[in-house]
Amino acid sequence: MLDTPAATQRARVRVPLRFHDGYSVDAELVTFHGLADGQEHVAVVLGDPGPVPLVRLHSECLTGDVLGSARCDCGPQLREAVERIADRGGILLYLRQEGRGIGLYNKLDAYALQDQGLDTYEANAALGLPEDARDYTAAAQMLRALGVTELDLLSNNPDKAEQLRGRGVDVRDRVPTGVFTTPHNVRYLRAKVLTTRHTLPLADLTEFNDLAGLGTRDAPVPLPSAGSGRTARPAPPIGAA
């Protein structure tokens, strides 16, 4: 287990959250002193967290979270996570790791390479960058500063669970997110399954890919609110990761 220095809570503030589809919830935002990477990560505490809260590590995505880009599934995942965590009680860690840690400009450069046929990981490598540069040491620090030592992780990404466990956080179960597919992001989602073992339904993504005809210039499939369940299909359930 890696020796991780302790962080401390810096401030807590109540913030009402309002989403474009009308969903609203009150949250408490927590900032920290002493995070290992020096970034301004924020914990979003939702509902009434119990002894084993539901937790999501959500990497910042300006294009998806703010601008509504259909080239990824980050915006819909963020929206879904807030509601699911609020219903059960838990914490969303909003981590300043744009582009899987390579930054916004590099991510947009990688998009240009994807338009030439590379997948998301190949594009990073072509730029001389890691496929995934994210380190979750700060996330483990934040959780310990909040008194969380055991959790259920809302994620399709096994690396998040593995890194947290390696930093002394007990991940009891890994809970899959919904699957938010558009013609613009299906190749991206397939690459996550094939390259980094994300728990997404590969057969469904292949079928969607064939129907879309790799339609990167087609109109995106309309996405409903995260709570409506009309097109967000749950990934197959998995047990402890």
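Residues numbered from 1 in each chain as written. Predicted model: local features only at pLDDT ≥ 70, side-chain atom pairs only at ≥ 80, totals over all residues. Heavy atoms only, no water.

### Some words on the overall build of the protein
Counting its secondary structure elements, the protein contains eight helices and nine strands. The buried share among the 241 residues of the protein stands at 51%. Restricting the contact set of the protein to residue pairs at least 6 apart, pairs at least 24 apart contribute 66%. Looking at the protein as shown, the accessible area adds up to about 11,300 Å², and 52% of this sits on carbon and sulfur atoms. (Helix = DSSP H or I, 4+ residues; strand = E, 2+ residues; numbered from the N terminus. Buried < 20%, exposed > 50% of the residue type's maximum accessible area, 1.4 Å probe, protein only. Contact = heavy atoms within 4.5 Å. Areas by Shrake-Rupley, 256 points an atom, 1.4 Å probe, with all protein chains shown as cover.)

### Notes on a nonpolar patch on the surface
On the surface, a cluster of nonpolar side chains totalling about 290 Å² of accessible area is made up of Leu62, Val66 and Leu67. Following the sequence through the fold, Val66 ends up in helix H1 (residues 62–66). (Patch = residues over 30% accessible without salt bridge, like charges linked within 9 Å, V, L, I, M, F, W, Y side chains within 5 Å. Salt bridge = Lys/Arg side-chain N within 4 Å of Asp/Glu carboxyl O.)

### Focus: the confidence of the model for the protein
Confidence along the protein averages 85 in pLDDT terms, with 82% of residues attaining 70 or more. Here residues 215–241 is modelled with pLDDT under 50, and outside its nearest four sequence neighbours on either side it reaches 61 contacts, counting other chains as well. (pLDDT = per-residue confidence, 0-100.)

### Points about the nonpolar core
The biggest cluster of nonpolar side chains holds 26 residues, and the ones touching the most others in it are Leu57, Leu93 and Leu164. Elements represented by at least two residues in this core include exactly strand E2 (24–33), strand E3 (42–46), strand E4 (54–59), strand E5 (90–95), helix H5 (137–145), strand E6 (150–154) and helix H6 (158–166). Element by element, the count of residues in this core is highest for H5, at six residues. Setting aside residues no more than four positions away along its own chain, Leu57 makes contact with Leu93, Leu95, Tyr136, Ala139, Leu153, Lys160 and Leu164. If you look at the next biggest cluster of nonpolar residues, it comprises 15 residues, including Tyr23, Leu46, Leu54 and Leu154. (Core = buried A, V, L, I, M, F, W, Y, C linked by side-chain atoms within 4.5 Å.)

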